[in-house]
Amino acid sequence: MIKREKVTAFALVALDVPLKKLFAYALTGPIPAVGSRVLVPFGPRRISGVVLELRDDAADFKGTPKAILAVLDDLPPLPAETLQLCQFVAHYYHYPIGAVIAAALPKVFRSPTVFREPAPSLVYFAEDVAELLQQIPSRAPAQRRVAAHLAVPHTPAALRRLHDSAWRWVKVWHEQGWLQSALEAKVLAKASDNLALNAEQSQVLTELTGARGFAPFLLYGITGSGKTEVYLQTIAQVLARGLQVLVLIPEINLTPQLEGRFRARFPGVPMAALHSGLNDTERAVNWLSALRGEAKIVLGTRLAVFTPLPQLGMIIVDEEHDPSFKQQEGLRYSARDVAVYRARQAKVPIVLGSATPSIESWANAKAKRYRMLTLSERAVPGAVLPKITLLPVKNVGLVDGLHVMALAAMHAALDRGEQVLIFLNRRGFSPVLQCGECGWMACCTHCSARLVLHLKERRLRCHHCGYEQAITPACPDCGNHDLKPVGQGTQRMEESLPLHFPGKKILRIDRDSTSKKGELDAALAQVHSGEVDIVIGTQMLAKGHDFDLLTTVVVLNADTGLYSVDFRAEERLFALLTQVAGRAGRRELPGEVFIQTAFSDHPFYHQLLARDFAPFADRTLHERQMMLLPPANAWALFRADAPELEQALSALAQIRACIAPEPHLLLNQPVAATMLKKAGVERAQLLIAAQSKVQLQAVLDEALPTIAALKLPKVRWSLDVDPIEV
DNA sequence: AGCACGCCGACT
DNA sequence: GTCGGCGTGCTC
Ligand SMILES: [Zn+2]
Ligand SMILES: [Zn+2]
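The shown structure was predicted, so the numbers you read here are calculated from the model rather than taken from an experiment.

Turning our attention to the nonpolar core. Membership of the largest hydrophobic core comes to 121 residues, with the highest contact counts inside it found for Ile-101 and Phe-638. Look past the residues within four positions of Ile-101 in its chain and what remains in contact with it is Ala-14, Val-50, Leu-52, Leu-78, Leu-83 and Cys-86.

Structure follows, in structure tokens:
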């Protein structure tokens, strides 16, 4: 009889801990595949991890490995490509691999408990929404708003997002026979028709559908040029080849509209939405259907870039310039950049679409690393871009914050029966509450910031942390009772406008007025129905929402960043104003945009008025090259916070000392953050600039092990590669 | 990041 | 006497 030595095998497991290493565990039972989710003992607790390597020794671990407790098969082993993508991200953003994998997985797969997939739920929809609406009395507007959504199939969970009672109503309507229900995969409806394409669109479609292998495109298309229709027809052809499409979109409450349009065009094509509105279970279910290759279209926000897709055929990043593609805490990745890497890895085409591309992507297109495709005509024949007028406000008397020309234009539009949008990106009544005697201003105790006066709620609130307090009745410094609101917020505009527009219906739409479920939906419905005359809106309304009767837009206080240190301020303002201008005018009603500005002489406005992003982008890119700013070089930013600024600065000085100077590497001095105090800590930062991303990575690879070994008590620090806010 | 261990100040 | 403050150190 042959005595076999006991075969011991080991697994190297990635765990969600801030340590840049893998942990060795002994395999006792069946051998899990690489990529499997496993339950392991870790110190006194049991946590979930992912197997990255199998081997017959414990690598460099000298102790006695503990045994894996269980292989959790609620998740199929992650494909090698997904693990490799996570490895790339871990390396590029200098983040521990276990933490990257954890961030890439739906929350339920980070927990040590096994996820039980619920039975597939039915979806509810109306074949003829008009017929359904006839059954619902007009005295039930909330029910009618829900009904109006039901051309698109909804799960019970999706219904609950529309309105707390929506699921209850739908059950009744279904019993009445006014609605159909089906398993999601079985919905058979007529697809919305392809829209006719103009010559430019057809040419772009031909280019995109003809591409094979890794092929990056920058689709530069002006507002209203029909980018979405081009996406839809391109997607149809990728689906016809039996492949999956990943569509990444910004994080805004616009996902439902886009999802509706996709579902209407591709009824019966399984689609997985992955946005922040979903609960953990929905997210996990949709993610699994993508991983299994069942969902053919994955429509999601930045996190969706990590979704495993066995038959990936194309990636589309819509509004590629949008800052929400860059995560601003923890793993500070750019989903757009990761998407480009992923397209290269999967050897598929990628389309970055925007009316105002990021200068980074513009530079790539100019350098022929991306192929530039242009849509320069409006898709709807005869439609013209809105006219933009600057209203200089320097040394001009304003009436409740409005220029007389703006008031006149608003009156004219309202007289024609049209709607007006006042775009004011500042919630609350006034950004400052000030003492008229001594000049004292109400400030947050935890942040270096003013408290914003919210008169409606009778509170002073900090917009940077959760702090709020009752309105101070008197100045704490001099006792004066005459405290004055200074500056104009949306609430103040809402209060003063009726004086100038008596009898007109005015509606404020901002985060405060739409914080409850269904409120935004209700507000938008009021605007669509035409019962609202003037809308006062913040950033929330800048994107996407199209109102047929809205012709006139007045922009207030948008350009405060123009002379700031932030070198991306112009780029962002161009994108914002382009988007806001897109709200003005439809088809036969031409739009007009009035921008109140204190900087009407700024060269930026010459280019905005020319309505052409290309010369602006060319000039900006040239400036960046002249001044050695990204994308002409590569930046990394160390941030530190501590109870005292001195501690943060000293930590950054120690970090800086770990980086060896070399030619073409700029090591700045640590400086206090522009807003020194935030949420009770004092903050500082250290910028390093390298000639190229390659040099930057080499420098960071070299320095980070030393930096990680530093003892920095009371200080929390993080590294941001390719920061967008400095 | 958790979580335990450990060593000093004021509480029943 | 012990409850709890958070500094320090470790996790296969
Ligand atoms: Zn005072
Ligand atoms: Zn604050």
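What follows concerns the coordination of the zinc ion (ligand 1). Geometry sets the ideal angles at a metal, namely 109.5 degrees for four tetrahedral donors and 90 or 180 degrees for six octahedral donors. Distances from the zinc ion (ligand 1) to its protein donors, Cys-435 (SG), Cys-438 (SG), Cys-475 (SG) and Cys-478 (SG), fall at 2.3 Å. Each of the 4 donor atoms around the zinc ion (ligand 1) contributes to a set of angles spanning 104 to 117°, which defines the coordination as tetrahedral. Considered as a linear motif, the donors of the zinc ion (ligand 1) on their single chain read C-x2-C-x36-C-x2-C. Residue class for Cys-435 comes out buried when judged on its relative accessible area of 2%.

Moving on, we come to the domain arrangement of chain A. Splitting chain A by domain gives domain 1 (9-110), domain 2 (122-186), domain 3 (199-279 + 288-375), domain 4 (387-621) and domain 5 (634-721). Centre-to-centre, using C-alpha coordinates, domain 1 lies 49 Å away from domain 4.

With that settled, consider helix H8 (residues 227-240). With 14 residues, H8 ought to run about 20 Å at 1.5 Å a step, and its terminal C-alpha atoms sit 20 Å apart, in line with that. Counting buried residues in H8 gives 11 out of 14 residues, a clear majority hidden from the surface. Taken as a whole, H8 has its buried residues at Lys-227, Thr-228, Glu-229, Val-230, Tyr-231, Leu-232, Gln-233, Thr-234, Ile-235, Val-238 and Leu-239. In the segment just after H8, Gly-242 is the residue with positive phi, at about 80°.

This part takes up the protein's contact with DNA strand C. Neighbouring DNA strand C are 13 residues, the closest being Lys-21, Ala-24, Gly-43, Phe-61 and Lys-66. Among the atoms of DNA strand C close to the protein, meaning within 4 Å, 46% are from sugar or phosphate groups. A distance of 2.6 Å separates a base oxygen of DNA strand C from a polar backbone atom of Ala-24. Only strand S2 (23-27) and strand S3 (37-42) provide two or more residues apiece to the surface near DNA strand C. Of all the elements, S2 adds the most residues to the surface near DNA strand C, at 3 residues. Its residues placed into classes, the surface near DNA strand C shows 8 nonpolar, 1 polar and 4 charged.

Okay, unusual backbone geometry next. At the junction of Pro-630 and Pro-631, the peptide bond is cis and its omega measures out at 10° in the coordinates. Tracing the backbone through its elements, the reader meets Pro-631 in the loop between helix H18 (613-627) and strand S26 (634-642). Phi at Arg-611 takes a positive value of approximately 60°, unusual for a residue other than glycine. The topology assignment puts Arg-611 in the loop between helix H17 (603-609) and H18. Unlike most non-glycine residues, Lys-714 shows phi in positive territory, near 75°. Residue placement: Lys-714 occurs in the loop between helix H20 (693-708) and strand S30 (716-721).

Here we come to the packing of helix H1 (residues 80-92) against helix H2 (residues 97-104). With their axes 9 Å apart at the nearest point, H1 and H2 run at an angle of 125° to one another. The orientation of H1 with respect to H2, classified from their angle, is oblique. Of the two possible hands of crossing, H1 and H2 adopt the one that is right-handed. Here Leu-83, Cys-86, Gln-87, Val-89 and Ala-90 of H1 lie close against H2, whose contacting residues are Ile-97, Val-100, Ile-101 and Ala-104. Of the residues in the contact of H1 with H2, the class split is 8 nonpolar, 1 polar and no charged.

Here we take up the coordination of the zinc ion (ligand 2). Protein-derived coordination of the zinc ion (ligand 2) comes from Cys-444 (SG), Cys-447 (SG), Cys-462 (SG) and Cys-465 (SG), at a distance range of 2.3 Å. Around the zinc ion (ligand 2) sit 4 donor atoms, and with donor-metal-donor angles ranging over 105 to 114° the site reads as tetrahedral.

Moving on to the protein's contact with DNA strand B. For DNA strand B, the full set of nearby residues is Pro-18, Pro-44 and Arg-45. Of everything in DNA strand B that lies within 4 Å of the protein, sugar and phosphate atoms constitute 46%.

Spatially, S15-S25-S24-S16-S23-S22 is the arrangement adopted by the 6 strands of the open sheet, whose pairing is parallel. Two strands lie at the open edges of the sheet, namely strand S15 (387-392) and strand S22 (506-509), each paired on one side alone. Going from strand to strand, the sheet's axes swing by 20° on average, the running direction of each strand aside. For strand S16 (residues 419-424) and strand S24 (residues 550-556), the ladder comprises 6 bridges, and the chain directions are parallel. Looking at S24, one finds that Gln-419 is bridged to Leu-550. Contacts between helix H13 (residues 404-415) and the sheet are confined to S15, S16, strand S23 (534-537), S24 and strand S25 (592-597), with S24 contributing the most and set at about 160° to the helix. On top of the sheet, helix H16 (residues 569-581) reaches S16, S24 and S25; it is set at about 150° to S24, its chief contact.

Next up on the list: the sheet that holds strand S13 (residues 349-354). Pairing in this open sheet of 7 strands is parallel, and the strands run S10-S11-S9-S12-S13-S8-S14 from one edge to the other. The sheet is open, and its two borders are formed by strand S10 (271-274) and strand S14 (371-375), each paired with just one other strand. With direction set aside, neighbouring strand axes in the sheet form an average angle of 15°. Strand contacts of helix H10 (residues 280-291): strand S9 (244-248), S10 and strand S11 (297-300), with the helix running at about 135° to S10, the strand carrying the most contacts. Set on the sheet, helix H11 (residues 335-346) makes contact with S9, strand S12 (312-318) and S13; between it and S12 the angle comes to about 160°.

Thresholds applied
Residues numbered from 1 in each chain as written. Chains lettered and ligands numbered in written order. Predicted model: local features only at pLDDT ≥ 70, side-chain atom pairs only at ≥ 80, totals over all residues. Heavy atoms only, no water. Core = buried A, V, L, I, M, F, W, Y, C linked by side-chain atoms within 4.5 Å. Buried < 20%, exposed > 50% of the residue type's maximum accessible area, 1.4 Å probe, protein only. Contact = heavy atoms within 4.5 Å. Donors = N, O, S within 2.8 Å, 3.2 Å for Na, K, Ca; no water. Tetrahedral: all angles 85-135°; square planar, octahedral: opposite > 155°, others 65-115°. Domains from an automatic or database assignment. Helix = DSSP H or I, 4+ residues; strand = E, 2+ residues; numbered from the N terminus. Expected span 1.5 Å × (residues − 1). Near = heavy atom within 4 Å. Polar contact = N/O pair within 3.5 Å; in protein donor to acceptor, adjacent residues only side chain to side chain. Nonpolar A, V, L, I, M, F, W, Y, C, P; charged D, E, K, R; others polar. Axes fitted to C-alpha atoms, helices over the stretch in contact; angles between N-to-C directions. Parallel < 35°, antiparallel > 145°, perpendicular 65-115°, else oblique. Left-handed = near helix turned anticlockwise from the far one by under 90°. Pairing = 2+ DSSP bridges.

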